Amino acid sequence: MWNEVFKKDEIKNNELKNITIKGIPLLIVDINNSIYITDLYCTHEQTSLEEGFIDKCHVVCSNHFAEFDPKTGKVVAGPEGEDTKIDNLKTYKTKIENNTIMVDLP
Ligand code: FES
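Residues numbered from 1 in each chain as written. Predicted model: local features only at pLDDT ≥ 70, side-chain atom pairs only at ≥ 80, totals over all residues.

**Structural notes on the sheet that holds strand β1 (residues 2–7)**
Spatially, 3 strands are ordered β1-β11-β10 in an open sheet, and the strand pairing comes out antiparallel. Two strands bound the open sheet, and with one partner strand each, they are β1 and β10 (94–97). Strand-to-strand twist in this sheet, taken as the mean axis angle between neighbours without regard to direction, amounts to 30°. (Pairing = 2+ DSSP bridges. Helix = DSSP H or I, 4+ residues; strand = E, 2+ residues; numbered from the N terminus. Axes fitted to C-alpha atoms, helices over the stretch in contact; angles between N-to-C directions.)

This is the structure we're talking about:
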């Protein structure tokens, strides 16, 4: 079911924002004006990925620098200095309608 997130112009290029919709904490990612939406928390130790940054089209966690591809949620690099295997991030379908970002939530 589609839900409104916020206006497209409320997020800037290469910015990360969080919002909770229907009790689900979400990360909104703007990479080169394309919007991606994933779960907010890192699958390693639950750090908010909004505190992280974008590097080469990946979201990097500020805590141990795990990297995720926000398009697929796939782990690109695990936590620094650890062999721990971490889960991929959940991703959500998104679209822009009338300049409003929409997310498809169950
Ligand atoms: S909490 Fe994100 S890499 Fe450790």
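**Topic: the environment of Val5**
Structurally, Val5 can be placed in strand β1. Along the primary structure Val5 and Met102 are separated by 97 residues, whereas in three dimensions their C-alpha atoms are 5.4 Å apart. When residues no more than four places from it in sequence are discounted, the contact partners of Val5 are Ile19, Ile21, Ile28, Ile101, Met102 and Val103. (Contact = placed C-beta atoms within 7 Å.)

**Remarks on the sheet that holds strand β5 (residues 53–55)**
Strand order across the open sheet formed by 4 strands is β5-β6-β7-β8, with antiparallel pairing between neighbours. A single partner strand is all that each edge strand has here, and the edge strands are β5 and β8 (75–77). When strand β7 (residues 67–68) meets β8, the two strands line up antiparallel, connected through 2 bridges. Bridge assignment links Phe68 to a residue of β8, and that residue is Val75.

**Observations concerning the pairing of strand β3 (residues 24–31)**
Regular strands have side chains that alternate between both faces of the sheet. By the bridge criterion, 6 bridges tie strand β2 (residues 16–21) to β3 in an arrangement that is antiparallel. Paired with Leu16 across the bridge in β3 is Val29. Counting the residues between successive antiparallel strands, the hairpin from β2 to β3 contains 2 residues, one of them, Lys22, with a positive phi of roughly 55°. Across 6 bridges, the pairing between β3 and strand β4 (residues 34–39) is antiparallel. Counted as the bridge partner of Val29 is Tyr36 from β4. Counting the residues that bridge the hairpin from β3 to β4 gives 2 residues, and of these Asn32 lies at a positive phi of roughly 50°.

**Looking at the environment of Ile101**
In this fold, Ile101 is placed in strand β11 (residues 100–104). Its 22 C-beta neighbours within 10 Å are what place Ile101 among the buried residues. For Ile101 and Val5, which are 96 residues apart along the polypeptide, the C-alpha to C-alpha distance reads 5.3 Å. What Ile101 contacts, discounting residues up to four positions off in sequence, is Val5, Phe6, Lys8, Ile28, Ile35, Thr94 and Ile96. (Buried ≥ 20, exposed ≤ 12 C-beta atoms within 10 Å, placed from the backbone.)

**Considerations on the nonpolar core**
By size, the foremost hydrophobic cluster in this structure holds 20 residues, and its most contacted members are Leu26, Leu27, Ile28, Val29, Ile37, Leu49 and Val59. Within the residue set of this core, elements represented by two or more residues are β3, β4, β6 (58–60) and β11. It is β3 that provides the largest number of residues to this core, a total of 4 residues. (Core = buried A, V, L, I, M, F, W, Y, C linked by C-beta atoms within 7 Å.)

**Describing unusual backbone geometry**
Although it is not a glycine, Cys57 adopts a positive phi angle of roughly 70°. Inspection of the secondary structure puts Cys57 in the loop between β5 and β6. Of note in the backbone geometry, Asn98 takes a positive phi value of approximately 50° without being a glycine. By the secondary structure assignment, Asn98 is in the loop between β10 and β11. The exposed category is assigned to Asn98, around which 8 C-beta atoms lie within 10 Å.

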